[in-house]
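Structure assessment
Okay, here's what each chain looks like letter by letter:
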Amino acid sequence: MHDLLPYIPGQLTNILDGLTFFMPEICLALLFLLVLVTDLIGGKSAEKLCRTVAYAGMLIVIFKDLQQVAMVLNGGHYLFNGMLLLNHTSLVFKFIVDVLAFILLLYFAWDDRLKSHPKRLADLYTITIGSVLGLHLMVMSINLLSIYLSIEMVSIASYLMVAYRSENAFSSEAGLKYVLFGAASSAMMLYGISLLYGFSGSLSLFSADFMHGLLQANGLGVSFAIALVLIGIGFKLSFVPAHFWVPDVYQGAPTPVTAYLSTLPKIAAFGLLINFLTPFIFFAKFTAFDFRLVLSIIGIITMLAGNFAAVLQNNVKRMLAYSSIGHTGFALMAIVTFTAQGINALTYYLAVYGIANIGALALATYFANVEGTEDIDGYKGLGLKYPAASVCFVIILISLTGLPVTAGFTGKLFVFSAVYNVYQQTHDGWLLLLMITGALTTVVSLFYYIKIPLYLFLKRTENNTSPVRTSHYIVIFSIIIALLILLLGIFPDRLLAYL
């Protein structure tokens, strides 16, 4: 114990210096406590107070993110003895996560079934803020310990959110499945981390000891350990084969929670994957594990499995669940370029995908609110009955498909361009196969996305009565998202300038 005393002042100084670059996360931690206390002392008006505090707090966090732009202009900053890294890429991912989290906080109160929960929504706001803190840590983690802890922090919050409507048997079943699959993937990841630590003697991904230690270890053992860690990350990304939980959980969870699961953890997991891959990719002597080959195969299978399975679905949430798997596979195309252009394309693609996917699920909530239907068959003839919502739904689905002139098309174009530029230099057959699969599955996605406009406008139903009630906030929300998708598709530089 006495041997450690000389090091304590230096460690404390390092921690205090890191706090300067940790202000968004400190704000999130304080916001979590503030929303929690507001819920406890707010009484009957606790839900409204928690919602207001959460909105205001997330705006402050977004402002703190923007303040950090100047901090990363000259490079990254290692925080807390190399546990976290604040650089341009992690800051962009944090900003995307925070903006989408703010949008989701608005959306939570518009779902009738979620709002009717006996405990109301105050607890859900608290859980969401806590999860966003975990997402921040995920995109900044460069130490195997911080990677595991941040993933578990997000996982625990996600389990609670999926099973939030505990009085609903389907929601409880979805929560149980999610916990079981999450525990299995967590155990595998922890075993992989322990092996990497045993081989290298270091937990820090960016330390010289870590890579040199792996070079001296058995290549097959190192590859096995890396595969286990990738499965843990893949659970959040929902790529094949860590995707089995997605359809049932997305369908059983409350729709706003489905919107959360399909966007925020997925985006943060891509940021984490970039951090994990970076030391292996830029250390030329490491050849034990071919990341481009493995991730290309996973991307191809994920695109095919997600898109072809989505064609067979009738439930809107289940269809969007499988489509999100397909989008994960497509986003992996940008990862395997291992270039700055690929990362820029990835961040743009994830940002517009997140906006469009939340919009699509918000409109699924709208039709569930006004018509009580979650199946595509129930959308027959509703296009003329609810024209504004239906037109916005079509625009959002066009963007998710990747058709001009939407932001989704521009995002896919950027990804294809990044992959093609690398292919021209390397002539790697797997990159060519990725591009072919991406183009094929984009065509396949038309077959299931187009079903919703088909039923809305071309199918007829005998029930043409006037709507009994409408969800005006969702209509306004969807109009804004549809316009934003069109504007970003026509003027992509408006977003690219900040990525």
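One can find the structure itself at the top, above this paragraph.
Residues numbered from 1 in each chain as written. Predicted model: local features only at pLDDT ≥ 70, side-chain atom pairs only at ≥ 80, totals over all residues. Heavy atoms only, no water.

With respect to the overall build of the chain
The number of helices and strands found in the chain is 23 helices and two strands. Over its C-alpha trace the chain gives a radius of gyration of 23 Å, about what one expects of a compact globule, namely 23 Å for 499 residues. On the principal axes, the C-alpha backbone points of the chain span a range of 80 × 60 × 40 Å. A burial count over the chain gives 59% of its 499 residues as buried. Considering only contacts within the chain whose residues lie at least 6 apart along the sequence, 78% involve residues at least 24 apart. Computed over 25 positive and 23 negative side-chain charges, the separation of the two mean positions in the chain equals 8 Å. (Helix = DSSP H or I, 4+ residues; strand = E, 2+ residues; numbered from the N terminus. Rg over C-alpha atoms; globule rule 2.2 N^0.38 Å. Buried < 20%, exposed > 50% of the residue type's maximum accessible area, 1.4 Å probe, protein only. Contact = heavy atoms within 4.5 Å. Lys, Arg positive; Asp, Glu negative; His and termini not counted. Charge placed at Lys NZ, Arg CZ, Asp CG, Glu CD.)

Description of the side chain of D428
Counting through the fold element by element, D428 comes out in the loop between α19 (407–426) and α20 (429–449). Buried and unpaired, D428 has R292 as its nearest opposite-charge partner, separated by 4.3 Å. What D428 contacts, discounting residues up to four positions off in sequence, is R292 and Y423. (Salt bridge = Lys/Arg side-chain N within 4 Å of Asp/Glu carboxyl O.)

Examining unusual backbone geometry
A cis amide bond links V240 to the next residue, P241, at an omega of 10 degrees. Relative to the helices and strands, P241 resides in the loop between α10 (219–237) and α11 (246–252). Look at the link from P404 to V405: it is a cis peptide, with omega at 5 degrees. At F80, a position not held by glycine, the phi torsion is positive, near 55 degrees. Relative to the helices and strands, F80 is located in the loop between β1 (77–79) and β2 (84–86). Taking the relative accessible area as the measure of exposure, F80 reaches 17% and is therefore buried. A positive phi angle, close to 60 degrees, is found at S238, a residue other than glycine. Structurally, the position occupied by S238 is in the loop between α10 and α11.

Considering the pattern of salt bridges
Per the stated rule, a full pass over the model turns up five salt bridges. With its nearest N and O atoms 3.0 Å apart, the salt bridge here joins E25 to K94. With E25 in helix α2 (residues 23–41) and K94 in helix α4 (residues 88–108), this pair connects stretches of sequence that are 69 residues apart. With its nearest N and O atoms 2.9 Å apart, the salt bridge here joins D248 to K177. Separated by 71 residues along the polypeptide, D248 in helix α11 and K177 in helix α8 (residues 169–200) bring together distant segments of the chain. The class of D248 is partly exposed, set by a relative accessible area of 23%.

Quick notes on the nonpolar core
By size, the foremost hydrophobic cluster in this structure holds 173 residues, and its most contacted members are I226, F276, F286, F367 and Y379. No other element matches helix α16 (residues 340–371), which puts 20 residues into this core. In this structure Y379 touches V316, A364, F367, T373, F393, I452, Y455 and L456, once residues within four positions along its chain are discounted. (Core = buried A, V, L, I, M, F, W, Y, C linked by side-chain atoms within 4.5 Å.)

Interpretation note: all reported values are geometric properties and have no functional meaning in isolation.
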